[in-house]
Amino acid sequence: MKWKSAVFFGAIACTVCLIACADSNTYDNEPGSTEIEGVFLTKEEGTLNELEEEKKINIELDIEDYYITNTGDPSNLYHIDEEGVLWGCGRNNYAQLGMEQDYSFYEDMQKIAENVIHVDFSQTGYVIFLTADHQLYGLGNAGCGALQQYKEFDWMKYIGVNAEHYTVSEPCLLMENVIYARCGRSDVACITEDSSVWIFGTVGFDAGTICYSQYPVKILENAVLITGGFFNHAALLADGSVWTWGYNYSGNCGVAGGGIISEPAKAAENAVMVWTGSIKYNTDCNDIAEFGGEYERGMENTIILTDQGEYLICGAYVGTEEKVLPVYYETSNYSMKCTYEFLPLNQENYQGPVSFPDNMME
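What you are looking at is a predicted structure, and each value in this text was computed from that prediction instead of being measured.

> Quick rundown of unusual backbone geometry? Include the residues and the values.
Of note, Ser 195 is a non-glycine position whose phi angle comes to about 70°, a positive value. Structurally, Ser 195 is set in the loop between β14 (187–192) and β15 (197–206). If you check the backbone angles, Tyr 317 has positive phi at about 65° while not being a glycine. Relative to the elements of secondary structure, Tyr 317 occurs in the loop between β23 (311–316) and β24 (322–325).

Pasting the structure below:
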């Protein structure tokens, strides 16, 4: 069965539930639940007038077309075979291969789970996978907060002190009724069967501000696709709007304000597709040795495709303005050309290290 999302002509009211972030934000609902306790802000968009209704985008998207079945880097490679078996190889320092933690490097594939349709992983050492009955599981590094093992954010666990105590080797159920999920740096974003978006884990922390939730928190509705990446997430809603959250130091979320975007912010309209982290869903490598020890640089950008067929980009190495970025980059007075404004994706506006297909570049 294909899960299909579509935008129809007419007024669409969308409710945005915003996560309340504080230095010690916690939520006490149970794993896999779809009802939460907490304080939320709610904003409803007004009714569109007839002229605006005529301009509505009509999107049809089969979420199965965006399932990931082969992904990895020089540390780990994950593959789902034709029988729905999930395999993994590489490092097992966080038990991310589904075995008891050790520090061996496994060149041969190890069986992790069955009945799997989609997989994603984070470079911080955890992996998530979705089963055919729409249950989301995770294993690996629990210290980063993405596997629902700790009620409150713990800095010592996050940075990996005594890391052997903070691993999950047996896949644990994270959420039910999920049709799609993507990893961030230390969090997970999901779309459920009712097209709502939920997040959990460590969205970010900066200057004492911590955005963390142990269990899923609903943040958006009417979503057709979400993205993952080392810097930020994005969600494409059924009305063509794009919402972003996460680290925004280079303006990569497409909204003003550096630091952390803790609550989904509207970054663009009239979009039919969005990318963060990578524009490819599956890697071409079938053997971990094929990576050659080289890590692909993650996109510190958000890219959208508009309903007019134009590719726009924001974030690092975009535009002409040189900005001094914060200590987050582990150095002082680090300057970079960057902007939160979406500009046409071409060689003049983007001069970064990530290569894009010719059909995306003007």
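> Got a sec to walk through the pattern of salt bridges? Specific residues and values, please.
Evaluated as defined, the whole model comprises 6 salt bridges. Two residues, Lys 266 and Glu 269, come together in a salt bridge whose shortest N-O distance is 2.7 Å. For Lys 266, a relative accessible area of 35% corresponds to the partly exposed category.

> Break down the layout of surface pockets for me, with residues and values.
Sizing a probe to match a water molecule and rolling it over the atoms shows the empty space that remains. A volume near 1200 Å³ is recorded for the largest pocket. Surrounding the largest pocket, 42 residues form its lining, Gln 123, Phe 230, Glu 296, Arg 297 and Gly 298 being those nearest its centre. Elements with a minimum of two residues in the lining of the largest pocket: β5 (70–72), β9 (116–122), β13 (178–183), β21 (271–277) and β25 (334–344). Considering each element in turn, the lining of the largest pocket owes the most residues, 3 residues, to β9. Of the residues that constitute the lining of the largest pocket, the class distribution is 18 nonpolar, 13 polar and 11 charged.

> Describe the nonpolar core, naming the residues involved and giving the relevant values.
Counting 96 residues, the largest nonpolar core has Leu 136, Tyr 180, Leu 225, Trp 245 and Trp 275 as its most contacted members. Once you skip the residues sitting within four places of it in the chain, Trp 275 turns out to touch Thr 227, Tyr 281, Met 299, Asn 301, Thr 302, Ile 303, Ile 304, Leu 305, Tyr 311 and Met 360. Formed by 5 residues, the second largest nonpolar core is a distinct cluster that contains Leu 77, Cys 89, Cys 285 and Phe 291.

> Quick one: what's the story with the environment of Gly 254, residue by residue and with numbers?
Structurally, the position occupied by Gly 254 is in the loop between β19 (242–247) and β20 (260–268). Residues Gly 254 and Asn 301, spaced 47 residues apart in sequence, show a C-alpha to C-alpha distance of 8.3 Å. With sequence-adjacent residues up to four places away left out, Gly 254 is seen in contact with Asn 248, Ala 267, Cys 314, Tyr 340 and Phe 342.

> Give me the lowdown on a negative patch on the surface, citing residues and values where you can.
Residues Glu 107, Asp 108, Asp 287 and Glu 290 make up a contiguous surface patch of negative charge. Along the polypeptide, Asp 108 turns up in strand β8 (residues 105–113). Relative accessible area serves as the criterion here: at 58%, Asp 108 is assigned to the exposed category.

> Describe the packing of aromatic side chains, with residues and values.
Under the definition given, this model contains 15 aromatic pairs. Ring geometry for Tyr 158 versus Phe 205: centroids 5.0 Å apart, planes at 85°, classification edge-to-face. Residue Tyr 158 is found in helix α2 (residues 155–158), and its partner Phe 205 is found in strand β15; the two are separated by 47 residues along the sequence. Taking relative accessible area as the criterion, Tyr 158 reaches 16% and is therefore assigned buried. By relative accessible area, which is 22% here, Phe 205 ends up partly exposed.

> Go over the sheet that holds β14 with me, naming the residues and quoting the values.
Taking strand neighbours across the sheet as the criterion, the 4 strands line up as β13-β14-β15-β16 in an open arrangement whose pairing is antiparallel. Here the strands that pair on one side only, and so sit at the sheet edges, are β13 and β16 (209–220). This sheet shows a mean twist of 20° between the axes of neighbouring strands, independent of strand direction. The sheet contact formed by β15 and β16 spans 8 bridges and is antiparallel. Directly across from Val 197, in β16, lies its bridge partner Leu 220.

> Before we move on, could you go through empty space enclosed by the protein and cite the residues and values that matter?
Summed over the entire model, instances satisfying the criterion amount to 5 cavities of 30 Å³ or more. Space inside the largest cavity adds up to approximately 80 Å³. Lining the largest cavity are 15 residues, with Arg 185, Asp 187, Val 203, Phe 231 and Tyr 247 sitting closest to its centre. Among the secondary structure elements, those contributing two or more residues to the lining of the largest cavity are β15, β18 (232–237) and β19. In terms of residue count, β15 provides more of the lining of the largest cavity than any other element does, 3 residues in total. Per-class residue counts for the lining of the largest cavity are 5 nonpolar, 8 polar and 2 charged. Taken together, Arg 182, Thr 227, Gly 228, Trp 275, Thr 276, Ser 278, Ile 279, Lys 280 and Tyr 281 make up the lining of the second largest cavity. In the lining of the second largest cavity, the residues fall into 3 nonpolar, 4 polar and 2 charged.

Thresholds, definitions, all that
Residues numbered from 1 in each chain as written. Predicted model: local features only at pLDDT ≥ 70, side-chain atom pairs only at ≥ 80, totals over all residues. Heavy atoms only, no water. Helix = DSSP H or I, 4+ residues; strand = E, 2+ residues; numbered from the N terminus. Salt bridge = Lys/Arg side-chain N within 4 Å of Asp/Glu carboxyl O. Buried < 20%, exposed > 50% of the residue type's maximum accessible area, 1.4 Å probe, protein only. 1 Å grid on protein atoms, 1.4 Å probe; cavity = no way out; pocket = protein on both sides within 12 Å on 5 of 7 lines; lining within 4 Å. Points joined across faces, edges and corners; volume = space filled by probe spheres on them. Nonpolar A, V, L, I, M, F, W, Y, C, P; charged D, E, K, R; others polar. Core = buried A, V, L, I, M, F, W, Y, C linked by side-chain atoms within 4.5 Å. Contact = heavy atoms within 4.5 Å. Patch = residues over 30% accessible without salt bridge, like charges linked within 9 Å, V, L, I, M, F, W, Y side chains within 5 Å. Areas by Shrake-Rupley, 256 points an atom, 1.4 Å probe, with all protein chains shown as cover. Lys, Arg positive; Asp, Glu negative; His and termini not counted. Charge placed at Lys NZ, Arg CZ, Asp CG, Glu CD. Phe/Tyr/Trp six-rings, centres within 6.5 Å; stacked < 30°, edge-to-face > 60°. Pairing = 2+ DSSP bridges. Axes fitted to C-alpha atoms, helices over the stretch in contact; angles between N-to-C directions.

Remember, this is a structural readout, not a statement about activity or role.
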